[in-house]
Amino acid sequence: MNDLHIHNIDLNLLRVFDVLLQERNATRAGSRLGLSQSAVSHALGRLRFALGDELFVRDPRSLKPTPRALEIGPQVHSALVQLQAAFAPPTFDPSTTERRFALMAGSYGCAVLAPRLVELMTQQAPGAELTIVEFGMNLADQLDARQVDFILGGRIPAPSRVAQETLLQETLAWTVRAENSLPQGKVTLEELVSVPHVVVSRSQTEVAPGLELRGSWEDRSAFEVMLREHGLSRRIGVTTPDSYSAVSVIRQSDMAGLLPRRIAALAVRSGLLRVIEPPFETPTTELVLLYLSERMADPALMWMRELLRRVAAEV
């Protein structure tokens, strides 16, 4: 590896590296930096020579960072943030910002929080951009690489640098279409298994620390045990990957589905569905906000965190 001294590194090269680590794509990185793709490639070449490491290798869909890039990425970003903070105004003005915020969330977080979040952002920060991405592998690594600012999901095993705070708690409720033969209000177990069920079940190979995955799997297991204890069984008519797919099936059938209560409430507003209280206690699940603690020195991210807290408190 080349002998490296900080005075030999062009600060602009580090900015390119930082954005590449976030975007994993030279074209998108160039768009954010105001550079052509060839200029980004040239900058990366200079930095590769200076550091004696490839830093990024191509795979079929993106630029994949090397272990060395992942190792130095958080430190480089932190240093750039500190430099930017040193020259930036001491306060953050949402009304004039053009900041891009990246949020990782599943269908539950999108359905329950995103509409109100977007409404508030439109009012307070009309020039800001919100990007919501699906769950992926190595969540802490994606926070470290600044690919996402916040994650909405469940609690996960994570290093201490990743803060995890509960935004809201959720329970489950059975949902049927308005004309379903099941009684209004609370039903017995026998009545509940008299109709086929829609089950929400994400693949175990998916990483999602989402509310739906945890709530559905845990309750399904407990429900099956309870039925066996009472000498009952049920028929599963459809298995879907998410609650919104389940709602669509329930609307067009006589099946019943166990859904997060806030999702059920959104569906009931259409007038086509109604909620039935479970004849057993359902587990309480949490929607958790995850982020890097050190990044809360950024006034823009502090503002977004408070906005997410506000939205969660209102739903």
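Residues numbered from 1 in each chain as written. Predicted model: local features only at pLDDT ≥ 70, side-chain atom pairs only at ≥ 80, totals over all residues. Heavy atoms only, no water.

Visitor: Explain helix 12 (residues 299-314) to me, please; I cannot follow it from the model alone.
Guide: Since the α-helix turns once every 3.6 residues, residues separated by three or four places project in the same direction. An ideal rise of 1.5 Å per residue puts 22 Å on 16 residues; helix 12 measures up with 23 Å between its terminal C-alpha atoms. Buried within helix 12 we find Ala300, Leu301, Trp303, Met304, Arg305, Leu307, Leu308, Val311 and Ala312. Looking at the buried side of helix 12, the elements it contacts are strand 3 (100-105), helix 6 (114-124), strand 5 (150-153), strand 6 (162-170) and strand 12 (285-292). Its side-chain oxygen 2.9 Å from the backbone nitrogen of Ala300, Asp298 forms the N-cap of helix 12. (Helix = DSSP H or I, 4+ residues; strand = E, 2+ residues; numbered from the N terminus. Expected span 1.5 Å × (residues − 1). Buried < 20%, exposed > 50% of the residue type's maximum accessible area, 1.4 Å probe, protein only. Contact = heavy atoms within 4.5 Å. Polar contact = N/O pair within 3.5 Å; in protein donor to acceptor, adjacent residues only side chain to side chain.)

Visitor: Teacher, can you tell me more about the nonpolar core here?
Guide: Side chains of a nonpolar character, in soluble globular proteins, are inclined to be buried together. If you look at the biggest cluster of nonpolar residues, it comprises 39 residues, and the most contacted ones within it are Phe101, Leu113, Leu117, Met121, Phe150, Leu152 and Met304. By residue number, the principal contributor to this core is helix 12, which donates eight residues. Among all residues touching Phe150, those that are not within four sequence positions of it are Ala102, Leu103, Met104, Leu143, Leu289, Leu290, Tyr291, Met296, Leu301, Met304, Arg305 and Leu308. The next biggest cluster of nonpolar side chains, apart from the first, holds 25 residues, and it includes Leu21, Ala43, Val76 and Leu80. (Core = buried A, V, L, I, M, F, W, Y, C linked by side-chain atoms within 4.5 Å.)

Visitor: Just to check I follow, could you spell out the environment of Ala145 for this structure?
Guide: Summarising the element assignment, Ala145 is placed in the loop between helix 7 (139-144) and strand 5. Placed 127 residues apart in sequence, Ala145 and Asp18 show a C-alpha to C-alpha distance of 8.1 Å. Apart from the residues lying within four places of it in its own chain, the contact partners of Ala145 are Leu21, Gln22 and Arg24.

Visitor: Explain the side chain of Glu170 to me, please; I cannot follow it from the model alone.
Guide: Relative to the elements of secondary structure, Glu170 occurs in strand 6. With a relative accessible area of 3%, Glu170 lands in the buried category.

Visitor: Please clarify how the packing of aromatic side chains should be interpreted in this entry.
Guide: A ring pair, where both rings are aromatic, is described by two values, the distance of the centres and the angle of the planes. Scanning all chains against the criterion turns up four aromatic pairs. For the ring pair Phe101 and Trp303, a centre distance of 5.8 Å and an interplane angle of 45° mean the geometry is tilted. You can see Phe101 sitting in strand 3 and its partner Trp303 sitting in helix 12, a full 202 residues away along the chain. Measuring from centroid to centroid gives 5.8 Å for Phe150 and Tyr291, while their planes differ by 65°, and the two rings are edge-to-face. Placement of the pair is Phe150 in strand 5 and Tyr291 in strand 12, with a sequence separation of 141 residues. Taking relative accessible area as the criterion, Tyr291 reaches 6% and is therefore assigned buried. Taken together, the ring pairs in this structure connect Phe92, Phe101 and Trp303 into an aromatic cluster. (Phe/Tyr/Trp six-rings, centres within 6.5 Å; stacked < 30°, edge-to-face > 60°.)

Visitor: Sorry, what's going on with the sheet that holds strand 4 (residues 129-133) here?
Guide: Two modes of strand pairing occur in sheets, parallel and antiparallel, and in both the strands are linked by backbone hydrogen bonds. In space, the five strands of this open sheet follow the order 4-3-5-12-6, with mixed pairing throughout. Edge positions in the sheet fall to strand 4 and strand 6, since each has one partner strand and no second. On average, adjacent strands in this sheet sit at an angle of 20° to one another, irrespective of strand direction. One ladder, built from three bridges, connects strand 5 with strand 12; its direction is antiparallel. Opposite Gly153, over in strand 12, you have Val288 as the bridge partner. Packed onto the sheet, helix 6 meets strand 3 and strand 4 and runs at close to 165° relative to strand 4. (Pairing = 2+ DSSP bridges. Axes fitted to C-alpha atoms, helices over the stretch in contact; angles between N-to-C directions.)

Visitor: Can you walk me through the packing of helix 1 (residues 11-23) against helix 3 (residues 37-51) in this structure?
Guide: Packed helix pairs are specified by the crossing angle of their axes together with the interaxial distance, meaning the distance between the axes. In contact at an axis separation of 9 Å, helix 1 and helix 3 are set at 110° when each is read in the N-to-C sense. Taken as axis vectors, helix 1 and helix 3 run roughly perpendicular relative to one another. On the side of helix 1, the interface is formed by Leu13, Leu14, Val16, Phe17 and Leu20, while helix 3 contributes Val40, Ala43, Leu44, Arg46 and Leu47. Taken together, the residues of the contact of helix 1 with helix 3 break down into nine nonpolar, no polar and one charged. (Parallel < 35°, antiparallel > 145°, perpendicular 65-115°, else oblique. Nonpolar A, V, L, I, M, F, W, Y, C, P; charged D, E, K, R; others polar.)

Visitor: Would you mind showing me how to read the side chain of Thr97 here?
Guide: Within the secondary structure layout, Thr97 lies in the loop between helix 4 (67-87) and strand 3. Among all residues touching Thr97, those that are not within four sequence positions of it are Phe92, Ala125, Gly127 and Ala128.

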